[in-house]
Amino acid sequence: MTDQLPISAPVLRAVIAGTGSALPRRRVTNAELAETVDTSDEWIVERTGIRARHIAAEDETTSSLATDAARKALEAAGMDASEIGLIVLATATPDQTFPASATKVQAALGINDCVAFDVQAVCSGFLYALSVAESMMRGGAAKAALVIGAETFSRILDWQDRATCVLFGDGAGAVVLRAETSAADPADKAARGLLSSRLHADGRHNELLFVDGGPSTTGTVGKVRMKGREVFRHAVVNLASVLGEVLAEAGLTPADIDWLVPHQANARILDATARKLDLPAERVIVTVDEHANTSAASVPLALDVAVRDGRIKRGDLLVLEAMGGGFTWGAAVVRY
Ligand code: UT7
């Protein structure tokens, strides 16, 4: 017998080695939209916090934006594409029904053999993709992975429907994950990478946020339909709850959070979530004003913006969260 406390062995974690993002060339302001839709800059800013969004041109696709974001993430990580063994791309707007857009990114990066597939969880897609990639890495499937959120929602918007078309934008964000060993206790500052994650889905709410077409029903792509007020209500409740779960799982409290990197749907949802966590507004990364809602791209886009402008630094504790169609929702605690 010995009095010594057991020292837990270090564990394998998925660490964010680099981030990148890409936006379409064209920036569209609220005033520009108001020229063709019955809306106003005042209404959009007051209800959503959105001032502008980027809209893809014909030659800009989900996979081309994803590839640009992935290249920048690889550059930031100081890694070569040949080191990537897994690509998980979250999108609800793939270039085509199949092949997976992840394989298009793979080809564009010149990777001849790796695991590559898409994940479809709409706005929560990046959280789902992150968790799937991390599980596969911990299982030994790859030492390095690209996790990407990329969307061209402008292609599935009904530009006559003012209740939806003003809310969304196009873009892509990516992270390179590397499998590294670090401290076992997530609350230990030496524990780096994805420390905990929680995912949820509740298919009873399909009809509150959906696309009214698809290959197996109408044979068309369809357009986004949303009952905004109901989605809003569910978002605030579900996000507060999953944030509590993911922090508890990591043995952390809201006071430990350096940065909340939330899904960018509506500035009012971000404010409400920060209030519930008792987190000062300065600790929340906000890009909804310039990007609008870019669905699966919004969390990695916001992350990359804050990494590149120097707010998020190595060692910072980040909480990522998102909620979207399905409903699906999830959160993750990451030490950057
Ligand atoms: O990313 C997935 C998750 N998505 C979300 O989290 C979205 C959640 N929902 C929201 O962000 C908000 O509910 C919206 C921004 C979509 C809408 O804001 P709201 O305060 O809930 O407004 P509302 O839908 O209750 O509409 C209020 C009024 C209506 O007019 P009446 O019926 O009161 O006369 C709408 O017709 O605003 C009208 N309206 C508009 N007016 C000017 C709706 N869209 C517009 C518009 N411009 N673009």
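Heads up: these notes are all about the structure in this document. Here the structure is a predicted model, which means the values were calculated and not measured.

Rules used in this analysis
- Residues numbered from 1 in each chain as written.
- Predicted model: local features only at pLDDT ≥ 70, side-chain atom pairs only at ≥ 80, totals over all residues.
- Heavy atoms only, no water.
- Core = buried A, V, L, I, M, F, W, Y, C linked by side-chain atoms within 4.5 Å.
- Buried < 20%, exposed > 50% of the residue type's maximum accessible area, 1.4 Å probe, protein only.
- Helix = DSSP H or I, 4+ residues; strand = E, 2+ residues; numbered from the N terminus.
- Contact = heavy atoms within 4.5 Å.
- Axes fitted to C-alpha atoms, helices over the stretch in contact; angles between N-to-C directions.
- Parallel < 35°, antiparallel > 145°, perpendicular 65-115°, else oblique.
- Left-handed = near helix turned anticlockwise from the far one by under 90°.
- Nonpolar A, V, L, I, M, F, W, Y, C, P; charged D, E, K, R; others polar.
- Near = heavy atom within 4 Å.
- Polar contact = N/O pair within 3.5 Å; in protein donor to acceptor, adjacent residues only side chain to side chain.
- Areas by Shrake-Rupley, 256 points an atom, 1.4 Å probe, with all protein chains shown as cover.

Details of the nonpolar core
Counting 49 residues, the largest nonpolar core has V224, L247, L260, L277, L279, V319 and V333 as its most contacted members. Within the residue set of this core, elements represented by two or more residues are α7 (228-250), α8 (267-277), β12 (317-324) and β13 (328-335). Here this core gets 9 residues from one element, more than from any other, and that element is α7. Non-local contacts of V319, meaning those with residues more than four positions away in its chain, are made with L243, L247, I257, W259, L260, V261, A332 and V333. Listed in part, the 36 residues of the second largest apolar core include V175, L194, L303 and A332.

Some thoughts on the packing of α7 against α8
At their nearest, the axes of α7 and α8 sit 10 Å apart, and the two run at 40° to each other. In terms of orientation, α7 and α8 fall into the oblique class. The element α7 and its partner α8 pack so that their crossing is right-handed. Every residue of α8 that contacts α7 at F232, A235, V236, L239, A240, L243 and L247 is listed here: R268, I269, A272, T273, K276 and L277. A breakdown of the residues in the contact of α7 with α8 according to their chemical character gives 10 nonpolar, 1 polar and 2 charged.

Focus: the site of the ligand
Around the ligand lies a shell of 23 residues, among which T39, R47, R229, N266 and N293 are the nearest. Here N293 contributes a side-chain N or O atom positioned 2.6 Å from an oxygen atom of the ligand. About the coverage of the ligand: the protein hides 75% of its 950 Å² of free accessible area. Element by element, the count of residues in the shell around the ligand is highest for α7, at 4 residues. A breakdown of the residues in the shell around the ligand according to their chemical character gives 12 nonpolar, 6 polar and 5 charged.

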